[in-house]
Amino acid sequence: MDTCKDIVYRNGAICDFCNVAIGNEGRKVDKLYITEKHYDQGETFKLCQKDYDDYLRFLEQEKEAYISLVNEIGYESLSEYQRSIYNCLVN
């Protein structure tokens, strides 16, 4: 699952999760990934490689959970909000 919309290389740009800036020698952050908007996000995220990888794992876990839920109760039993999340994650 690829959610990267753009990559930022400007020194000083900050990861939205860990607050480390590009150019930080200790963490060796040389770029930030800008995510696309997903289901209930109000905005995109700027993430360093570690947090971007964690974000992708989270989305994959959510996808698996929703697929499991649909297999258990059926798509028609989902609320409208749950259907929008399912459609976003699975399609």
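Residues numbered from 1 in each chain as written. Predicted model: local features only at pLDDT ≥ 70, side-chain atom pairs only at ≥ 80, totals over all residues. Heavy atoms only, no water.

Trainee: How should I be thinking about the overall build of the chain in this particular structure?
Mentor: Counting its regular elements, the chain contains 2 helices and 3 strands. Along the chain direction, N to C, the helices and strands of the chain fall in the order β-β-β-α-α. In terms of overall dimensions, the chain is more spread out than a globule: its C-alpha atoms have a radius of gyration of 16 Å, far above the 12 Å expected for 91 residues. Overall, the C-alpha framework of the chain stretches about 50 × 20 × 15 Å when taken along its three principal axes. (Helix = DSSP H or I, 4+ residues; strand = E, 2+ residues; numbered from the N terminus. Rg over C-alpha atoms; globule rule 2.2 N^0.38 Å.)

Trainee: Even after reading the chapter, I still don't get the pattern of salt bridges, so can you show me in this structure?
Mentor: Oppositely charged side chains may form a pair once their charged atoms are brought near each other. With the rule as written, the count across this model stands at 4 salt bridges. The partner of Arg 57 in a salt bridge is Asp 54, with the nearest N and O atoms 2.4 Å apart. On the criterion of helical spacing, the pair formed by Arg 57 and Asp 54 is a turn pair, its members being 3 residues apart in helix α1 (residues 49–73). By relative accessible area, which is 48% here, Arg 57 ends up partly exposed. Judged by its relative accessible area of 30%, Asp 54 falls in the partly exposed class. Linking Glu 76 and Arg 83 is a salt bridge whose minimum nitrogen-to-oxygen distance equals 3.4 Å. Through salt bridges that share partners, Lys 50, Asp 54 and Arg 57 make up one connected network. (Salt bridge = Lys/Arg side-chain N within 4 Å of Asp/Glu carboxyl O. Buried < 20%, exposed > 50% of the residue type's maximum accessible area, 1.4 Å probe, protein only.)

Trainee: What should I look at first to understand helix α2 (residues 80–90) in this one?
Mentor: What sets the pattern is the α-helix's 3.6 residues per turn: residues three or four places apart point alike. What α2 keeps buried is the set Ile 85, Tyr 86 and Leu 89. Each buried residue of α2 lies within a common arc of 100 degrees when the element is viewed along its axis, so the set occupies one face. Contacts made by the buried residues of α2 are with α1. (Arc of directions from axis to C-beta. Contact = heavy atoms within 4.5 Å.)

Trainee: Can you help me understand the packing of aromatic side chains in this one?
Mentor: Two measures describe an aromatic ring pair: the distance that separates the ring centres and the angle between the ring planes. The final tally for this structure, using the stated rule, is 4 aromatic pairs. In textbook terms, an aromatic cluster arises when at least three aromatic residues are bridged by ring pairs, as seen for Phe 17, Phe 45 and Tyr 55. (Phe/Tyr/Trp six-rings, centres within 6.5 Å; stacked < 30°, edge-to-face > 60°.)

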